[in-house]
Amino acid sequence: MRRPRSIRAEAGLFVLALSLPIVGLVVFTIVAEYKVGKRQAEQSALQMAEATAVSVRHFLSGTETILSRIARWDLSQGLTNQGCYGWRSEVTDMLPRFSNLFYVSAEGRVICSAHPLSSEDPLSAADQEYFRSVLDGGSLTVGKPREGLVGGRWVSVVGYPVREETGRISGAVALTLDLVRFQELLEDVKPYPDAVITIADFDGVVVARSPDPGTWVGRLLPRTGAPTPAPRGITRTESMEGVPMVWGYSDISVARWRVFAGVPAEWVYGPIREAALGRAAAALGIFLLAWGLAGAFYTRIAGALRSLVWETRSAQAGTRVEISPRAPLEILKVADQFNRTLRAREEAEGEVRRAVERYRSILHNAVFGIYLSSPDGRLLEVNPAFVRMMGYASSEEMLRIDIVELYRNPEERDALLRKYRDSDLIEGLELEWKKKDGTTIWVELNGRTIQGDQGETVFEMIVQDVTKERVLESQLRQSQKMEAVGRLAAGVAHDFNNILTVITGRAQLLMSDLPEDSRYRFDAGEIARAAERAVGVTNQLLAFGRKQVVRPRPLDLNELVQELDPILQSLAGAEVRLTKRLDADLRPCIADPSQVEQVIMNLVVNARDAMAGGGEIRIATGNRKVSAEADMSHLPAEPGEYAELSVEDTGEGIQPSILQLVFEPFFTTKPEGVGTGLGLSTVYGIVSQAGGGIHVQSTPRKGTTLTVLFPAVPTPVEATQSPEILCTAQGGRETILVVDDEEAVRSVVCTTLRRKGYAVLEAEGGPEAISVAEAHGAEIDLLLTDVVMPNLRGPDLAERLAVGRPGLRVLFISGHTDENGWKDNVAWPSARFLRKPFTPDQMLSQVQEVLGNGGLETP
């Protein structure tokens, strides 16, 4: 809590707060002027450096031009001292800043010089850096400053390669640059007084300097290291005379020189210091004036406030606060407000009493649970709804327990306390609790921490029973999961159906070509039977994903179990005893018989695998009425009438930790290589697709019971037999156009039809089929087409081809499971649909049926 301050301190803070912006403005102005002055000085220095660099580059460019001309002379006429001496007048006129011109052979020997040398011994330049650079780089090179041989003046040698006609470097021509005369370039560039311009090579050796070149040319710059990576920039350091300077620099890469141009730092700081002193004086005057005004304000207010303090002390005994009318208006308003507060306090105390009564009424009449507890787990107060929710007889009984006893996992209570350490608000926290009788429920907690009567921390929580919502949420997640994986299964089944159509078709065609006594006929039959089993796997995938074509009808579960009895006995095995308890009054249900058979066999196989050492499987049927109040928590099915089928085993049971995972796709507790993990997932998909429900109940080491529900019909019906279509597999002479984007499927269909005498046209897709039909010209009796194809779908192709062909008949084939996808786009009720995979006989039967129906009416 902040320590209270006096009015004097507040006034001081006010003056300080008023002064700080002024001081800040002064400082900002000084800093801004400093930045402007520094930027101007830096720009001036950098401009001088770049102007000097431009002059030097221009001078070196002219030197390179002259040397390139000399290098093209016929030097063979002047390689004697007498011949070289003849160059002297020409060179002196061309190069006034150079003191000598000489030629060096490729071996480094000075052949001749325009200025006679005093030494009679041949001179060598082989160890000179400029000469090696000319031979290595093959371009203009400027050497380091050194004392010249002629006159002892400081010079720098500029070399240029001499090339033969073949391009080989045969030597170098070199000029001796007189650095004293070169100094004149700096005088032409320096426009500012007291400015300093220095040219140094990258090793820090001074080439030229203004002022005082005689002292510094040839010497090493102090504190100069390797050149920085930037070819131009700004730096700050003292000059050689010890004057603080702002330097701009620019590199001359062709000579490996750097130009430094500096202006005195005093240009920046001198005017700024004078302006800063003036502004500081003005700020000080304003500061002193503000302190005087604050003192007068304090004297005026403090007396009135002291009187107010004494009056409020006496008002604690019930008297009014009386202040002199000469006091400031704000003080008078405070006194009046204090008197109003005294009156409002009595009213507020009465309102608090009424609020407590309303709180008690809400607490006891609320339909959701409310409780107060201490951090150590004591229940301090509970409402009747909470008592009923948890199954206790009275509030007194519940207040005697520790709240940890309500948690199914006591560790979650510690987790809740850790949450309260980070935040005093809990929202939407769902936990598993247990009622007095041990029943597990899901609850949602919302609450916060409040202060008790003695200032202690109290948890105030609202509790809602969300068990039904969790069950519904679990069903929704499972449904969404099955839908997602079902889409994948349907896609796999579609591709697999195309493959199976080719396998079964080719196997039957092969069998029809083989004589009865052929030893290969058995192999072909095995291929066909394996394909039929693969069709069953495909149907299982579709049932698992609820993508199978379902044909529900009234069904008696008792009759179906009896019909499957031999198969179920075989599936159970010799070590397992199979018993049945069938309800004679069982109501019929609405389901697909083939799917229900798959459910029963999967449940029996699953029960058998749970009893490794043998046991008993009990199959029972009965009627079940599901009500939302009684059964929703454990039977995930809509309220209504159902036919019930249960399969119970005496196996090892399922551990509670994995009980909720048994319907997950590909989840299995069987050893690796045994089972696919699709059995119970497939059962779940079939039952959900039929509008029923499924429930698993298991006790470790005592067995498992799986119960499935199918929607019941009000009256029993007799089982019906589906008529079988006898395929005569006769041929014909009609013309059939076959369209399928799968080449292997198309090949099997066309081969089968041609063997039966049909005239066959074939196309890979819709656009090609239109071209084939137009090229054929004659009548086409039947269009046999795949439904889903790229570019043009089968139904759209049929409509295109029907224009001008009123007698065209259509047979659709598809590996997709949705039969309605083609019906919505076809206006002819006599069109037929054949789902893949199919055998040649099945296809021929459909072809004969369609051709016998007559033509299709054009829409």
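Everything numeric in this text was worked out from a predicted model, so none of it was measured.

How each quantity is defined
- Residues numbered from 1 in each chain as written.
- Predicted model: local features only at pLDDT ≥ 70, side-chain atom pairs only at ≥ 80, totals over all residues.
- Heavy atoms only, no water.
- Helix = DSSP H or I, 4+ residues; strand = E, 2+ residues; numbered from the N terminus.
- Buried < 20%, exposed > 50% of the residue type's maximum accessible area, 1.4 Å probe, protein only.
- Contact = heavy atoms within 4.5 Å.
- Areas by Shrake-Rupley, 256 points an atom, 1.4 Å probe, with all protein chains shown as cover.
- Pairing = 2+ DSSP bridges.
- Axes fitted to C-alpha atoms, helices over the stretch in contact; angles between N-to-C directions.
- Core = buried A, V, L, I, M, F, W, Y, C linked by side-chain atoms within 4.5 Å.
- Phe/Tyr/Trp six-rings, centres within 6.5 Å; stacked < 30°, edge-to-face > 60°.
- Parallel < 35°, antiparallel > 145°, perpendicular 65-115°, else oblique.
- Left-handed = near helix turned anticlockwise from the far one by under 90°.
- Nonpolar A, V, L, I, M, F, W, Y, C, P; charged D, E, K, R; others polar.
- Salt bridge = Lys/Arg side-chain N within 4 Å of Asp/Glu carboxyl O.
- Expected span 1.5 Å × (residues − 1).
- Patch = residues over 30% accessible without salt bridge, like charges linked within 9 Å, V, L, I, M, F, W, Y side chains within 5 Å.
- pLDDT = per-residue confidence, 0-100.
- Arc of directions from axis to C-beta.

**So, the overall build of the protein**
Here is step 1: Regarding its fold elements, the protein presents 24 helices and 28 strands.
Here is step 2: Within the protein, the fraction of its 859 residues that count as buried is 42%.
Here is step 3: A separation of at least 24 residues holds for 61% of the contacts in the protein among residues at least 6 apart in sequence.
Here is step 4: Summing over all exposed atoms, the protein offers an accessible surface of approximately 46400 Å²; the carbon and sulfur share of this is 53%.

**Focus on the sheet that holds strand S27 (residues 809–814)**
Here is step 1: Overall, parallel pairing links the five strands, which are arranged S25-S24-S26-S27-S28 in an open sheet. Both outer strands of the open sheet, strand S25 (759–763) and strand S28 (832–835), are each paired with one neighbouring strand and no more. Adjacent strand axes in the sheet meet at a mean angle of 20 degrees when their direction is disregarded.
Here is step 2: Relative to S27, strand S26 (residues 782–786) runs parallel, the two being bridged by five bridges. For Thr-785, the partnering residue across the bridge sits in S27 and is Phe-812.

**Digging into the nonpolar core**
Here is step 1: Ranked by internal contacts, the top residues of the largest apolar core, which has 43 residues, are Phe-182, Ile-199 and Trp-257.
Here is step 2: No other element matches the twelve residues that helix H1 (residues 7–71) contributes to this core.

**Details of the sheet that holds strand S15 (residues 440–451)**
Across a sheet, paired strands are connected by hydrogen bonds in the backbone, their directions being either parallel or antiparallel.
Here is step 1: Taken in spatial order, the five strands make up an open sheet running S13-S12-S16-S15-S14, and their pairing is antiparallel. What marks the edges here is a single partner per strand, and that holds for strand S13 (379–382) and strand S14 (425–434). Each strand of the sheet is rotated relative to its neighbour by a mean of 30 degrees, with strand direction disregarded.
Here is step 2: Here strand S12 (residues 369–373) runs beside strand S16 (residues 457–465); their pairing, made up of five bridges, is antiparallel.

**Here we look at the side chain of Thr-501**
Here is step 1: Note that Thr-501 resides in helix H13 (residues 467–513).
Here is step 2: Those residues in contact with Thr-501 that lie beyond four places of it in its chain are Val-745, Val-748, Lys-836, Pro-837 and Phe-838.

**Re the packing of aromatic side chains**
Here is step 1: Across all of its chains, the model carries six aromatic pairs by this definition.
Here is step 2: Aromatic side chains Phe-386 and Trp-433 sit 6.1 Å apart centroid to centroid with 65 degrees between the ring planes, which places their arrangement in the edge-to-face category. In this pair, Phe-386 sits in helix H10 (residues 384–390) while Trp-433 sits in strand S14, placing the two residues 47 residues apart along the sequence. No difference in accessibility class separates Phe-386 from Trp-433, as the two residues are buried.
Here is step 3: These aromatic residues form a ring-pair network of at least three members: Tyr-371, Phe-386, Tyr-407 and Trp-433.

**A closer look at the environment of Thr-457**
Here is step 1: Its place among the elements puts Thr-457 in strand S16.
Here is step 2: You can call Thr-457 partly exposed: its relative accessible area is 36%.
Here is step 3: Discounting chain neighbours no more than four positions away, the residues touching Thr-457 are Ser-374, Pro-375, Thr-449 and Ile-450.

**Re the packing of helix H16 (residues 565–572) against helix H17 (residues 593–609)**
Here is step 1: Running from amino to carboxyl end, H16 crosses H17 at an angle of 25 degrees, the nearest separation of the two axes being 9 Å. It follows that H16 is roughly parallel to H17 by the angle criterion. At the point where H16 passes H17, the crossing takes the right-handed sense. Side by side, H16 and H17 meet where Ile-567, Leu-568, Leu-571 and Ala-572 of the first sit next to Ile-600, Met-601, Val-604, Val-605 and Arg-608 of the second.
Here is step 2: Residues belonging to the contact of H16 with H17 are distributed by class as follows: eight nonpolar, no polar and one charged.

**With respect to unusual backbone geometry**
Here is step 1: Of note, the bond from Lys-836 into Pro-837 is cis; its omega dihedral lies within 30 degrees of zero at 0 degrees.
Here is step 2: Despite not being glycine, Arg-256 shows a phi value in the positive range, around 55 degrees.
Here is step 3: Along the chain, Arg-256 falls in the loop between strand S10 (244–252) and strand S11 (257–264).
Here is step 4: Residue Arg-256 is classed as partly exposed on the basis of its relative accessible area, which comes to 48%.

**Details of the pattern of salt bridges**
Here is step 1: Counted according to the given criterion, the structure contains 20 salt bridges.
Here is step 2: For Arg-608, the salt bridge is made with Asp-609, and the minimal N-O distance between the two is 3.1 Å.
Here is step 3: Beyond isolated ion pairs, a larger network of salt bridges with shared partners links Arg-577, Glu-616, Arg-618 and Glu-648.

**Side note on the packing of helix H21 (residues 766–776) against helix H22 (residues 794–802)**
Here is step 1: Where H21 contacts H22, the axes come no closer than 10 Å and their chain directions differ by 20 degrees. If you check the angle between H21 and H22, you find them roughly parallel. Crossing angle aside, the handedness with which H21 passes H22 is right-handed. The residues of H22 that touch H21, namely those facing Gly-766, Ala-769, Ile-770 and Ala-773, are Leu-797, Arg-800 and Leu-801.

**Regarding H17**
Here is step 1: Taking 1.5 Å as the rise per residue, H17 with 17 residues should run 24 Å; its terminal C-alpha atoms sit 24 Å apart, in good agreement.
Here is step 2: The complete set of buried residues in H17 reads Pro-593, Gln-595, Val-596, Gln-598, Val-599, Ile-600, Asn-602, Leu-603, Val-604 and Ala-607.

**With respect to a nonpolar patch on the surface**
Here is step 1: Together, Leu-13, Leu-16 and Leu-20 make up a nonpolar patch on the protein surface, roughly 260 Å² of accessible area in all.
Here is step 2: Note on placement: Leu-20 falls in helix H1.

**Quick notes on the environment of Ala-51**
Here is step 1: Mapped onto the elements, Ala-51 comes out in helix H1.
Here is step 2: On the basis of relative accessibility, which here comes to 35%, the residue Ala-51 falls in the partly exposed class.

**Section: the confidence of the model for the protein**
Here is step 1: Considering every residue of the protein, the mean pLDDT works out to 77; 77% of them sit at 70 or more.
Here is step 2: Predicted confidence is poor over residues 630–634, with pLDDT under 50, and the contacts of this stretch with residues over four places away or in other chains come to ten contacts.
Here is step 3: Across residues 716–728, where pLDDT falls below 50, the model places ten contacts with residues more than four positions away in sequence or in other chains.

**Re the pairing of S15**
Along any regular strand the residues' side chains alternate between the sheet's two faces.
Here is step 1: The pairing of S14 with S15 spans eight bridges and is antiparallel. Across the sheet, the residue bridging to Leu-425 is Arg-448, located in S15.
Here is step 2: In this sheet, S16 lies alongside S15 in antiparallel orientation, the contact comprising nine bridges. The residue bridging Thr-449 from the neighbouring strand is Phe-459, located in S16.

**Here we look at H22**
Here is step 1: Buried residues of H22: Gly-794, Pro-795, Leu-797, Ala-798, Leu-801 and Ala-802, and no others. Down the axis, H22 shows its buried residues gathered within 155 degrees of arc, on one side only.
Here is step 2: Backbone geometry just downstream of H22 places Gly-804 in the positive-phi region, at approximately 85 degrees.

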